[in-house]
Amino acid sequence: MSESLDTDKLEREVKSMYRDVAESADAEFHFETGRDLADRLGYDPDDLDYVPDAAVDSFAGVGYHFDLAELEPGEAVLDLGSGSGMDAFVAGVHVTETGTVTGIDMTDEQVEKARILAADNGFHNVEFRRGYVEDLPFEDGTFDAVLSNGVINLSAEKGRVFEEANRVLGPGGRVAVADIISEQRMPDTIKNDADLWAACIGGAAQIDSYTSLVEAAGFELRQVRENPQYEFVSGRATNACRKYGVKSVSLSARKR
């Protein structure tokens, strides 16, 4: 993490941007949102048909990772940075009513929206809590699988996020993540820009550094794949992608 990044400002910027995603999904962002994006990334249309429309409309993920997660009925799943709940609801379909899904997010408006959608649409096995992915409010060994989509790049403490994910997983638990990485290390002018962090660009770690953090946290890396279907939409974001190889990947790992 750069010493010059104002992490308080970063948190404010991220909360502000994703508050807007929750409240006005059709606004213009550096990134796409909604059903068309989910379809293109590879989500199963049958799964999406079960998900509340308002959650799909606010979807701002960067890849597909459910095939890597291999969720089974009856499992306990944690979704890091759950937003308006789309991935948590998809996970709820996969684990069925015999399993449980918990979403955690630091943005009040996202958590409130997701809670209302869960209650109004009969997702009794899906709950949402406010909190930080770097400091999870759960006991050791609580979950079978941890998911995250387009969120860990927003954290200035990525290693801590993976350490916490490892801690709350039971023996043999696994993590499935879609996230933004870079092929080259970006200059401080980008890495210290809180707006570009909030846009999922400034915080993108160089891929070797990212996978090293996963392994250092106690995971055995299983698969990493690129998601060429994902594209940023603003000119500023596109320029950073072209210059520094910023891209989306999905990866899976198992707790050692």
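Just so you know, these numbers come straight off a predicted model, no measurement behind them. (Residues numbered from 1 in each chain as written. Predicted model: local features only at pLDDT ≥ 70, side-chain atom pairs only at ≥ 80, totals over all residues. Heavy atoms only, no water.)

## Here's the deal with the packing of aromatic side chains
Part 1 of the reasoning: Summed over the entire model, instances satisfying the criterion amount to 9 aromatic pairs.
Part 2 of the reasoning: Between Phe138 and Phe143, the ring centres sit 5.2 Å apart and the planes meet at 90 degrees, which makes this aromatic pair edge-to-face. The burial state of Phe138 is the same as that of Phe143; both residues are buried.
Part 3 of the reasoning: The structure contains a cluster of three or more aromatic residues connected by ring pairs, namely Tyr43, Phe59, Tyr64 and Phe66. (Phe/Tyr/Trp six-rings, centres within 6.5 Å; stacked < 30°, edge-to-face > 60°. Buried < 20%, exposed > 50% of the residue type's maximum accessible area, 1.4 Å probe, protein only.)

## Concerning helix α12 (residues 235-244)
Part 1 of the reasoning: Among the residues of α12, Ala237, Ala240, Cys241 and Tyr244 are the ones counted as buried. Buried residues of α12 fall within an arc of 100 degrees about the axis and therefore sit on the same side. In α12, the exposed residues that point more than 90 degrees away from the buried face are Arg242 and Lys243.
Part 2 of the reasoning: Residues of α12 that are buried sit in contact with β5 (169-182) and α9 (188-191).
Part 3 of the reasoning: Following α12 by one or two positions, Gly245 has its phi on the positive side, about 70 degrees. (Helix = DSSP H or I, 4+ residues; strand = E, 2+ residues; numbered from the N terminus. Arc of directions from axis to C-beta. Contact = heavy atoms within 4.5 Å.)

## A closer look at the side chain of Thr211
Part 1 of the reasoning: As for its placement among the helices and strands, Thr211 is situated in helix α11 (residues 207-216).
Part 2 of the reasoning: In this structure, Thr211 is in contact with Leu221 and Val224, ignoring residues within four places of it in sequence.

## A few points about the nonpolar core
Part 1 of the reasoning: In terms of nonpolar packing, the biggest core is built from 47 residues, with Tyr43, Leu71, Met86 and Phe89 touching the most fellow members.
Part 2 of the reasoning: Here this core takes 6 residues from helix α6 (residues 86-95), the largest share from any one element.
Part 3 of the reasoning: With near-sequence residues (within four places) excluded, Tyr43 lies in contact with Ala38, Leu48, Phe59, Gly63, Tyr64, His65, Phe66, Met86, Asp87, Val90 and Asn149.
Part 4 of the reasoning: Counting residues in hydrophobic clusters, the runner-up holds 27 residues, among them Val133, Phe143, Ala165 and Ala205. (Core = buried A, V, L, I, M, F, W, Y, C linked by side-chain atoms within 4.5 Å.)

## Looking at the pattern of salt bridges
Part 1 of the reasoning: Counted according to the given criterion, the structure contains 10 salt bridges.
Part 2 of the reasoning: In this structure, the salt-bridge partner of Glu164 is Arg160, at a minimum N-O distance of 3.9 Å. Note that Glu164 and Arg160 are positioned in helix α8 (residues 158-168) at a spacing of 4 residues, about one turn of the helix.
Part 3 of the reasoning: A relative accessible area of 3% places Glu164 in the buried class.
Part 4 of the reasoning: For Glu183, the salt bridge identified is with Lys247, shortest N-O distance 2.4 Å. With Glu183 in the loop between β5 and α9 and Lys247 in strand β8 (residues 247-255), the pair connects residues that are 64 residues apart, well separated along the chain.
Part 5 of the reasoning: Several salt bridges converge on common partners, so that one network encompasses Asp140, Arg160, Glu164 and Arg167. (Salt bridge = Lys/Arg side-chain N within 4 Å of Asp/Glu carboxyl O.)

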